Each structure stands twice: as structure tokens, then as C-alpha cells.
Amino acid sequence: MGLNYTKWIKNTARTFNKSPIGSRVKSVLFLITAAIFFVSCSSTSWVVIEEDAMDISDYELIDSEFFLDPNDVITPQAPIFDADLMAINTYEYAQRIKTERYIQRYRPRVGYVMLGLAGAGLSYYAAFSDQLLQQPSDLQRYSLIGAGTLLSGLSFLNMKPVDEPTKTGETRLLRKTGTTMVADTIETLPYTDELPKVTIAYGDSLLIQNKTYAFNDNNISVNLADELDADLFGEEPEHEIRITVEYDTLKTVTTTPVSSVFEQFVVVNSEITPLRNAAEVNTDNVLTDLAEGSQLKMVEREGDWFKVMYGISETWISANDVYTIWRPSEFSSDLTVVTIPNIPFGSIDVERDIPELGDLSTNTAALIISNDQYSGSLSERTYGDRDSELMEEYFKQGFGIRSNNIIKSSNIDSAEQLNSAANRLTNLVDTNRNKVLVYINGYGIIQDGKLYLAGVNHSEENNVLINLTSLFDQISGSEVEQVIGIVDLDIVESDKSNLRYQSVVSGLVNTISRSAVIFSSQTDQRSGIFTSSTGEKNRHSIFTYYLAEALKQRKTGLDQIFDHLQRNVPFRSRSIYDRPQDPVLIGKNDLQLVD
């Protein structure tokens, strides 16, 4: 029986495949199979994502609070203080349920589709062949076709989801669930006709009081650099600038340092000061010399030095030679800088063509004491080294003094150093030198009725004073016939003790009859530099320059030299500095510098 059944199946399939109906059924099955892989569908759903979402379209303004909001960023490049009128608005918003739409894609389940198609095929086969039913009636045929179609359709309805649901971005707000309060800060326009008032104070001083300014929309702006006087603030301001703005019942107070409004500059207040590339006194680091009144932008202060801008370069200048000022930033574009270029020794008229005033001298000794490189509280003694070099050249070339008979001691800082130089001079005098010339320059200090040469490290904390009376007393104790002293001291400190130069050199002039000392100025006067921002630049002190000029004119008698000094030094000092400078001669005035 098994063989007969198998044979029947094969015959039935062969007959079905060859029949027109079989061909149509195969075509339908092919299309259905292809549809399994391409047919899909989707569905949408709304999901609750928040139960108390804020509805921004449903609100009510509950309260407004106004205030002034100051700008905290003030710089010298933009020294503008401004404040904005602001409002804090409080709103009541409705809260609602918030839903969001999702899309889910589906595809048919292959197993169910294949099973449904198999059942549909069997129904179609029974309807259009006589193999399963003997001559089915039309009703049976239609019923079988309907059953097959229903089976295939149902197989496609059983689908499976593909991937995760996808958001569409669509949301809906549904029923109201409550309310919430929200505060929002916004710019707002003035709400009264009243103008805001500004008061600016520095410490206990009122600089501007209740000055009115107009609003620009909601902003009030004050240019502090235009409103304030920069000269009111010292080198190191003790207070900050306090700015108070009042409008209606509103008030705001802001403080800002002076350095946020102005920049600091230095102004040279000495006759001449060197500009250096390092913060130390050294003749090799001088870039140029600056005349009084020169202005430079300050970078910072380090001890006794200011770092300043010279063009685009950072340079250094002694704090003792300048004072500081505050100015607006744009002041740097209009600075006054008067430079005195460094020129080599021999370029000034009194430095060249030095005449031979006497024959080579073996019986004359000379002592040169020169302090110029001050590093304490005193500024550098400008051109002090050049003055001493000038006198050394006149001693050698003009007077014929041999180099080994000239003792030079520079930048001394103690009485021991001065005594050492004086002892060397005494040793020379004791070997048949009967004439001594002494030249001294530097800063002078009068204290307790005595005249001192300031040591190069002199300061308030380190009081370095070198008694000049002891020097002249030591010279007077040597076996010498004639002593001529030339003292070019710039008296920078005095205790008003009415010192008279006679007391300084009394031991010398009373012991050695043929002796005299010329001082560059009275005890209450300064000894100035022969350089000005608008006039000649002779790079020496006024006194030493005219001393050399007299010698160059072959005036070797003290009376001639002193007359030349009296006629020129006071006049030049008044023309440059508008102050007196009167040389003083103590002792014999009929002596000759050259035998």
C-alpha cells in the first residue's frame, strides 16, 4: 500500500504542475514568498514621558524685582564703568502631562507564513483538482478558495517587532496637573523718568557726588579716566576707587583699584639719569642717558629700580632719579623722552686738545677721589666718572704729573678705604714730593656740623659717611709745601647746622701756609650737571667743566681760575636750574697749579 500511495502523490503532483491551475498557484506562491521578505508595517503609540511638564504657553506674571548690575571688568585700555538695569520676573506656569509619539515597525513571522501558505495551497489544490474531492461543487470550490485565502492572510497578520520603537519628536500636553513658579532675569528699560546718580569716592574724599547720567537703553556708562584726576593718586594708592550708582530706590556699590583705570609712568626728576639694560650700576650696561622731564611707562618696581618700557624693550632706571604718576593708557602714545646719547670721552671741547701747561713734574703728587656709582638711597652721580677722568687727563697732560704719582680711588664706601688712599699719598709725599693736588667729587652730606662724602652704599638704613676733615688733617700732617684741593660735592643732605667750609679745612690751611681749597658751591647749594633738555649737553658737572675750561685757556693761577668760575658757574646754574651755585675758595688765592 505504501508504494501505491507514493505513486499516487507523484502522479498527482505531476498532473498539478502541468495543469493551468498548478501554474497559477505556483506563481501566486512565488509572489507570496517574496512578500515575506519585503512586506512590513508600522504602528504608532503615545507614551507618557512626564507628568508635571511645564506649559510655557500657559503662564501668569506674578512679580518683578528690579536691580542694577555693574560691570566688574575695568581696564586701563577700557576704563569704562557701566551698569545695566535688570529685572527678576517671577512667573507661574501650568504643569501638564506630556506624551511623546513613537513608531514601531513589524515584519511577518516566516514560520507562520509558510504554514499558512501550505494550508492555502492544499485548499487551492482541493478546489481545482479531482484528486482530493471527486468533482467538487462550486460551493465547495469557493469555500476551499476562501479558506486558502483566509489562511494565507492570517499568516501575515502574526508579525514580530523590528528593532526598538523610534521617537518622532512629536509631543502633546494633556490635562493640567499643577503649577510651578519660575524666576527669569532679563534686561529692562527704565521705568521712571528719573536719571541715575553717580558718586565716586577715594578713601574719605568725594571725587564726584550725585552726578546724573542718562540711560542708553538700559545701560548707564561712565568713563572713569575722563572723570577722574589722575594726579590725586600716589605711587602706591592706599585705597580703591568706590563707585556708587543710585536709581529710584535701587543702589549698587563697586570698588576697583586705581591700576584698573590708569597706568603708571615714571618721570625723570634728576638732571641726568642713565637708562640701563640691567638693574645694577655698571658703566657697561648704560643704553643712553635721559634728561630731566623724560617720561616712560612703568612695568614694575624691584627694590631700588623701576622696570620701564623704552620703545618695545624692557629697561631699567634708578628709583632715586624718578617719581611716578598715574595717567590714562593713551598717555603712552605721547610720552616725552629726551635722550642724551652716550659719546666717547674726547668728544667734548674741554676733553680734547689739552694744552701743556708745565714741564714734566716729578715733585708733584695727585689724589683723585670719585664716587659716582651709588646704589643705595642716592641716585647715580651722573658724569662723576667722566669728571674724574677729565681731571686725571689735565693732571697728566696739562700739569705733567707722572701716572705713578697719581693715586685714584673710585666708589669708596668706608673711611678705611679713604685712609688707605691718603696713606699712599703720604708715602709719595715723603719721597721728595713737595706739592699735592687733590680732586674730590661725589655726593656731600652735612651732619652735626661736619662735611662728609657719602659712601656709594649710603642709605637711611646703612649710614655710610666718610669724614673729609680727617682727610685734609691727614694731608696736613705730611711733609709737603703746597696743597691745592678741588672739591666738587653735590650737597644732597644737610641738618642746617650752619657749617662753614673754614672748619672743614682749618687744619690744612693753618698748618700748611701755601694751601687752598676750592668748593663747587655753598654749603646750602647743589652742584649741578652741565646738561639740559633744551640746551647744551657738555656731560660734566658745571663746576668741573668751567674749571677745565679755565685751564684750557691757560689760566693756572688760583685767582684767575676762581674768577673764571665765579663769572660762569652761577650764571649757568641759574640758566639751567634756576637756582644759585656759588663756588667758594678757602686759603691762599695767589697759588699756581703749575710751577
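Provided above is the structure to which this section pertains.
Read on for an overview of the structure. Keep in mind that this is a model prediction, so the values were computed, not measured.

Moving on: the packing of aromatic side chains. Scanning the entire structure with this criterion turns up 15 aromatic pairs. With centroids separated by 6.0 Å and ring planes inclined at 40 degrees, the aromatic side chains of F233 and F262 adopt a geometry described as tilted. One end of the pair, F233, is in the loop between α5 (224-227) and β7 (241-247); the other, F262, is in the loop between β8 (250-256) and β9 (263-268), and 29 residues separate them in sequence. The class of F262 is buried, set by a relative accessible area of 1%. Put simply, the rings of F66, Y191, F215 and Y247 touch in pairs and so form one group of aromatic residues. A cation sits over an aromatic face here: R327 above F331, 5.8 Å from the ring centre. Against the face of Y577 rests R579, its NZ or CZ located 4.4 Å from the ring centre.

Applying the stated criterion across every chain, the model contains 18 salt bridges. With a shortest N-O distance of 2.7 Å, D231 and R327 are connected by a salt bridge. One end of the pair, D231, is in the loop between α5 and β7; the other, R327, is in strand β15 (residues 322-327), and 96 residues separate them in sequence. Classification of D231 by relative accessible area gives exposed; the value is 52%.

Below, the discussion takes up a negative patch on the surface. There is a patch of like negative charges on the surface, built from D304, E460, E461 and E493. Mapping D304 onto the fold places it in the loop between β12 (295-302) and β13 (305-310).

Moving on to the pairing of strand β22 (residues 482-494). Among the 13 residues that make up β22, 10 are buried, leaving the element largely enclosed by the rest of the structure. Pairing geometry for strand β19 (residues 435-447) and β22, over 12 bridges, is parallel. Looking at β22, one finds that I440 is bridged to V487. Here β22 runs beside strand β23 (residues 514-519); their pairing, made up of 6 bridges, is parallel. Bridge pairing in β23 links V483 to S515.

For the rest of this paragraph, the subject is the packing of helix α7 (residues 415-429) against helix α8 (residues 468-476). Remark: α7 packs on α8, axes separated minimally by 10 Å, with the N-to-C direction vectors making an angle of 20 degrees. Relative to α8, the element α7 lies roughly parallel. In this structure, α7 meets α8 at a crossing whose hand is right-handed. Only L471, Q474 and I475 of α8 make contact with α7, whose side of the interface consists of L418, N419, A422, N423 and L425. Tallied by class, the residues present in the contact of α7 with α8 amount to 5 nonpolar, 3 polar and no charged.

Cut-off values and rules
- All chains use their own residue numbering, which begins from 1 and follows the written sequence.
- With the structure being a predicted model, the display of local features is reserved for residues of pLDDT at least 70 and the display and counting of side-chain atom pairs for 80 or more, all residues being used for whole-chain, interface and lining totals.
- For side-chain calculations, the full set of non-hydrogen atoms in the structure is used, while hydrogens and water are omitted.
- Here the aromatic set is Phe, Tyr and Trp, taking the six-membered ring for Trp, and pairing holds for ring centres within 6.5 Å; pairs whose planes are under 30 degrees apart are stacked, those over 60 apart are edge-to-face, and all others are tilted.
- For helices the rule is a DSSP run of H or I covering at least 4 residues; for strands it is a run of E covering at least 2, with both sets numbered from the N terminus onward.
- Remark: exposure states derive from per-residue accessible area (1.4 Å probe, protein chains only) relative to the maximum for the residue type, with buried under 20%, exposed over 50%, and partly exposed in between.
- Remark: a charge is flagged as sitting over a ring if the NZ atom of Lys or the CZ atom of Arg is within 6 Å of the ring centre and within 35 degrees of the ring normal.
- Any Lys or Arg side-chain nitrogen found within 4 Å of a carboxyl oxygen on Asp or Glu counts as a salt bridge.
- Nonpolar side chains (Val, Leu, Ile, Met, Phe, Trp, Tyr) are joined into patches within 5 Å and like charges within 9 Å, using only residues with over 30% relative accessible area and no salt bridge.
- The method behind every accessible area is Shrake-Rupley, applied with a 1.4 Å probe, and residues are considered shielded solely by the protein chains displayed.
- Charge convention: Lys and Arg are scored as positive, Asp and Glu as negative, and His as well as the terminal groups of each chain are ignored.
- Working definition for charges: the position is that of NZ of Lys, CZ of Arg, CG of Asp or CD of Glu.
- Strand pairing is assigned whenever DSSP detects at least two bridges linking the two strands.
- For every element, the axis is a line fit to its C-alpha atoms; helices are fit only across the contacting stretch, and the angle between N-to-C directions ranges from 0 to 180 degrees.
- Here the word oblique covers every angle except those under 35 degrees (roughly parallel), over 145 (roughly antiparallel) and from 65 to 115 (roughly perpendicular).
- Crossings are sorted by hand: turned counterclockwise from the far helix by less than a right angle, the near helix makes the crossing left-handed, and turned clockwise it makes it right-handed.
- For this analysis, residues touch if any pair of their heavy atoms sits within 4.5 Å.
- Charged means Asp, Glu, Lys or Arg here, nonpolar means Ala, Val, Leu, Ile, Met, Phe, Trp, Tyr, Cys or Pro, and polar covers whatever is left, Gly included.

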